[in-house]
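Residue-level structural notes
Here are the chains, one letter per residue:
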Amino acid sequence: MSKFSNALRKRRFVITGEIDPPKEPIVEEIISQIESLKNVVVAANVTDNPVGIPFVSTISVCKIMIEKGLEPIYQITCRDRNRIAIQSDILGSYMLGIRNILALTGDYPLVYKEAKPVFDLDSVQLIYLLNRMRKDKIDFFGRKLSVDLDIFIGGALNPNSEPLELEIMKLEKKIKAGVDFIQTQVVFDRNVLEKLKEKTSHLDVPILIGVTPLKSVKMAEYFLQNVPGIRIPKELIDRLKSSKNKIETAIQIASEIIKEAYELKFAGVHIMPVGMHGYVKEMISRAGI
Amino acid sequence: MIVVKEKKFDEVMDTIKDFNKILVVGCGGCVTFYNKGGRKETIELAEKIKKHNKNVIKAMIPRQCSLIKGVDYLDTLLKNCKGIDKELTVKDLKDVDAIVSLACGVGIQNMARHIDLYIVPANDTVFMGIKNNDERVFEEYCLGCGNCILHLTQYCPISLCPKSMLNGPCGGVNNGMCEVIKDRKCVWVMIYEKLKKLNRLKYIKDIYMPKDFSKKIKRYKI
């Protein structure tokens, strides 16, 4: 059983982080992120070529994390691999000690548009196949497996999505498919959290709220343009505008969201530090939970 | 409808540069309905080609994808081609060097099966689609995947979603719009709204299992 799954089962408020694989094979860039998050978060996600931009492979970063003592959550998308490659990677990663998997459909390749998008499966189907592999010991193609797979399967949710009812229907499908935990897209607005709490009160799945430190008005604008449906309260933008110490404000804003998620009794938070790995500890301690 | 768009005229001319006697033939099927390969366009294209010192005959075929078979290719041509200026005779057709067809790719290939003459397309075939609200715009609505699920969804997520999502929208749905084709509504929002109206939301509550892509290969012949 992974440390992460154990923490969620104990119903503690769980905090996960995120490691961004570098563009080039420079181990030091990974190590410094690991050092910042180790003993601060229970586990950390490793992204899988976000927006279709290639970085060093997710599995290799997960392996380095295991060696350095930070538990990985292996993000795998359906954008670049068909079901044969996904199964192969999942089983290969298991051999390396990777247990937590976040199953995603993946962003469409919007930057390097010349690449062929695969999308053989979607996230719900991937969760279903992974759960079946664990529960019934059969692989994606119905072949019997002799090994017990102690994997912990996650899915994503966008609380900013409209219509939210449709997103919740998809969440219900993920639960039906066998998902163990949910990590959400980044949230900045307490109203979004309250609405999500209300709409998911009938569901028994741990939800970790996505938190990102907002460093500047420019970053806020980037989110508004690139994260579908995202809401950033005007009050936050005003605080950023008048801020004399951007880092300090970013830490403060992130800590407030963490606190709100805690107060609303979500299972935890998932902090995506985007370069601010060194400040994650401070964000958490300031939340005072 | 099968949707085509015109090739550049120079591109068409380049393909027939080695030939003299050209039969320009329109199609009375899909392409006639949206003015890409009917009588009028056939005449226009034929006149343009004529200006390049070619001997041009113009004709219409009711449907190039469905030909009446003759005893040989000449007889097939005679049986199917309705001359635009005059009735066509064996003499008109027997020394044709090449055919320029305004039909879709299916029509052209059907002609190739029955008529042993070099055929060139005047159009590029793009997709199976219907006209959007704006009467001049066509949108793709079917990929011919051989695995129809419209009884569950009413609109096709395989053709209308860039990721072909089968279990709901991706995280990119932005105020109801697609994140990839930004001016188009997310097909999953279309499906959701339609089924809600029909009181049939239950149709999309079950997990839709991974698609069997072998059907895509098997479908070439039915």
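Along each chain, residue indices are assigned from 1 in the same order as the chain's sequence is written. Each chain is given a letter, starting from A, and each ligand a number, starting from 1, according to the order in which they appear as written. Since the coordinates come from a predicted model, pLDDT governs what is reported: local features require at least 70, and pairs of side-chain atoms require 80 or more to be given and counted, while whole-chain, interface and lining totals use all residues. Only hydrogens and water are set aside when side-chain values are computed; all heavy atoms of the structure are taken into account.

Moving on: the packing of helix α10 (residues 246-263) of chain A against helix α11 (residues 280-287) of chain A. All names here are of chain A. Angles run from 0 to 180 degrees between N-to-C directions of axes, and those axes are lines fitted to C-alpha atoms, restricted for helices to the stretch in contact. Strands here mean DSSP runs of E at least two residues long; helices mean DSSP runs of H or I at least four residues long; both are numbered from the N terminus. The interhelical angle for the contact between α10 and α11, taken along N-to-C directions, is 50 degrees, at an axis separation of 8 Å. Of the possible angle classes, the one that applies to α10 and α11 is oblique. Both α10 and α11 take part in a crossing whose hand is right-handed. Residues E248, I251, Q252, A254, S255, I258 and K259 of α10 form the contact with α11, whose participating residues are E282, M283, I284, R286 and A287. Just so you know the grouping, Ala, Val, Leu, Ile, Met, Phe, Trp, Tyr, Cys and Pro go in nonpolar, Asp, Glu, Lys and Arg go in charged, and all remaining residues, Gly too, go in polar. For the contact of α10 with α11, the per-class residue count stands at six nonpolar, two polar and four charged. Each angle receives one of four descriptions, namely roughly parallel if under 35 degrees, roughly antiparallel if over 145, roughly perpendicular if within 65 to 115, and oblique otherwise. Whether a crossing is left-handed or right-handed is set by the direction in which the near helix is turned from the far one by less than a right angle, anticlockwise for left-handed and clockwise for right-handed. Residue contacts follow a heavy-atom distance rule, with two residues in contact if any of their heavy atoms lie within 4.5 Å.

Counting residues at the interface gives 29 residues for chain B and 28 residues for chain A. Buried surface area refers to the total accessible area, computed with a probe of radius 1.4 Å, that the two partners give up upon joining, counted for both partners together. Here chain B and chain A share an interface that buries about 2,600 Å² over both sides, 61% of which is from carbon and sulfur atoms. Contact with chain A buries surface across chain B, with B:K163, B:N167 and B:I207 losing the most and accounting together for 23% of the total. For this document, the term salt bridge refers to a Lys or Arg side-chain nitrogen within 4 Å of an Asp or Glu carboxyl oxygen. The tally of links between chain B and chain A comes to two salt bridges. Of the charged contacts, one joins B:D206 and A:K176 as a salt bridge, the two residues approaching to 3.3 Å between their closest N and O atoms. The residue inventory of the side of chain B that touches chain A, partitioned by class, reads 17 nonpolar, six polar and six charged.

This part covers empty space enclosed by the protein. A probe as big as a water molecule, rolled over the atoms, marks out the empty space that is left. Definitions used throughout: a 1 Å grid over protein atoms alone; a cavity as a set of points that fits a 1.4 Å probe which cannot get out; a pocket as an open set with protein on both sides within 12 Å along at least five of seven lines; a lining residue as one with an atom within 4 Å of a point. Grid points are joined across faces, edges and corners, and a volume is the space filled by probe spheres set on the points. In this structure the tally under the stated criterion is two cavities of 30 Å³ or more. By volume, the largest cavity amounts to about 130 Å³. Estimates place the volume of the second largest cavity at around 30 Å³. Surrounding the second largest cavity, A:L166, A:M169, A:K170, A:K173, B:N167, B:G168, B:W188 and B:I204 form its lining. If one sorts the elements of the lining of the second largest cavity by residue count, helix α6 (residues 164-177) of chain A sits on top with four residues. Split by residue class, the lining of the second largest cavity holds four nonpolar, two polar and two charged.

Turning our eyes to something else, we now look at the sheet that holds strand β2 (residues 21-27) of chain B. All names here are of chain B. DSSP bridges decide pairing: two strands pair if at least two such bridges lie between them. One open sheet accounts for five strands, arranged β4-β3-β2-β5-β6; its pairing is mixed. Strands at the two margins of the open sheet, each flanked by one partner only, are β4 (82-83) and β6 (118-121). Bridge count between strand β3 (residues 55-61) and β4: two bridges; the pairing is antiparallel. Note on β4: the bridge partner recorded for M60 is K82. Packing against the sheet, helix α3 (residues 39-50) makes contact with β2, β3 and β5 (98-101), and its axis sits at approximately 170 degrees to β3.

Moving on, we get to the packing of aromatic side chains. Stacked, edge-to-face and tilted are the three classes for Phe, Tyr and Trp ring pairs, Trp counted by its six-membered ring, which pair at centre distances within 6.5 Å; planes under 30 degrees apart are stacked, over 60 edge-to-face, the rest tilted. On inspection of all chains with the given rule, the structure shows nine aromatic pairs over all chains. Centroid distance A:F4 to A:F152: 5.6 Å. Interplanar angle 80 degrees. Geometry classified as edge-to-face. With A:F4 in helix α1 (residues 3-9) and A:F152 in strand β5 (residues 152-157), this residue pair connects regions lying 148 residues apart in the sequence. One exposure class covers both A:F4 and A:F152, and it is buried. Here the aromatic rings of A:F4 and A:F181 are separated by 4.8 Å at their centres, their planes lie at 85 degrees, and the arrangement is edge-to-face. Taken together, the residues span a long stretch of sequence, with A:F4 in helix α1 and A:F181 in strand β6 (residues 181-186) at a distance of 177 residues. A single burial state applies to A:F4 and to A:F181, both of which are buried. Taken together through their ring pairs, the aromatic side chains of A:F4, A:F152 and A:F181 make up a single cluster. In this scheme, the term charge over a ring applies when either NZ of a lysine or CZ of an arginine sits within 6 Å of the ring centre and within 35 degrees of the ring normal. Positioned over the ring face of A:Y94 is A:R99, at 3.6 Å from the centre of the ring. Over the ring of B:F9 we find B:K48; its NZ or CZ atom is 4.7 Å from the centre of that ring. Buried, partly exposed and exposed residues are distinguished by accessible area as a fraction of the type maximum, computed with a 1.4 Å probe on protein chains only: under 20%, between the cut-offs, and over 50%, respectively.

A contiguous nonpolar surface patch, about 230 Å² in accessible area, is contributed by A:V51, A:V111 and A:Y112. Looking at where A:V111 falls in the secondary structure, it is placed in the loop between β4 (100-104) and α5 (123-135). Residues qualify for a patch when their relative accessible area is over 30% and they have no salt bridge, like charges being joined within 9 Å and the nonpolar side chains of Val, Leu, Ile, Met, Phe, Trp and Tyr within 5 Å. Accessible areas in this description were obtained via Shrake-Rupley with a 1.4 Å probe; residue shielding takes into account the shown protein chains only.

A separate point is the nonpolar core. Joining through side-chain atoms within 4.5 Å is the link that ties buried Ala, Val, Leu, Ile, Met, Phe, Trp, Tyr and Cys residues into a set, and such a set is a nonpolar core. Counting residues in each nonpolar core, the largest one holds 69 residues, and the members touching the most others are A:I19, A:L126, A:L130, A:I209 and A:I271. Sequence-distant contacts of A:I209, defined by excluding residues within four places in its chain, comprise A:T184, A:V187, A:L193, A:L196, A:A261, A:F266, A:G268, A:V269 and A:H270.

What follows deals with the pairing of strand β8 (residues 268-271) of chain A. All names here are of chain A. Residues of β8 alternate between two faces, with G268 and H270 on one and V269 and I271 on the opposite face, all of them buried. Where strand β7 (residues 207-211) lies against β8, four bridges are found, and the strand directions are parallel. Residue V211 lies in a different strand from β8, and its bridge partner there is I271.

What follows covers the pattern of salt bridges. Applying the stated criterion across every chain yields a total of 32 salt bridges over all chains. When the shortest N-O distance is used, the salt bridge between B:K36 and B:E6 registers 3.1 Å. Here B:K36, found in the loop between α2 (30-33) and α3, pairs with B:E6, found in strand β1 (residues 2-6); they are 30 residues apart in sequence, far enough to count as distant. Residues participating in the shared-partner salt-bridge network are A:R190, A:E194, A:K259 and A:E263.

Further remarks concern the layout of surface pockets. Residue and element names in this part refer to chain B. Estimates place the volume of the second largest pocket at around 650 Å³. Lining the second largest pocket are 28 residues, and of these L143, I158, C161, P162 and S164 lie nearest its centre. The dominant element in the lining of the second largest pocket, judged by the number of residues it contributes, is helix α8 (residues 157-160), at three residues. Classifying every residue of the lining of the second largest pocket by side-chain character gives 16 nonpolar, three polar and nine charged.

All names here are of chain A. Taking 1.5 Å of rise per residue, 13 residues should cover 18 Å, and α5 covers 18 Å from first to last C-alpha, within 8% of that figure. Within α5, 11 of the 13 residues are buried, leaving the element largely enclosed by the surrounding structure. Within the sequence span of α5, burial applies to S123, V124, Q125, L126, I127, L129, L130, N131, R132, M133 and R134. Contacts made by the buried residues of α5 are with β3 (71-77), α4 (83-95), β4, β5 and α6. Contacts described as polar in this section are N or O atom pairs within 3.5 Å, which, within protein, must combine one atom able to donate a hydrogen with one able to accept it, while residues neighboring in sequence count only if both atoms come from side chains. Put simply, D122 is the residue that caps the front of α5, since its side-chain oxygen is 3.2 Å from the backbone nitrogen of V124. Immediately downstream of α5, the backbone of K137 shows phi near 55 degrees, a positive value. Each residue after the first adds 1.5 Å to the expected span of a helix.

All quantities given are derived from atomic positions and should not be read as evidence of function.
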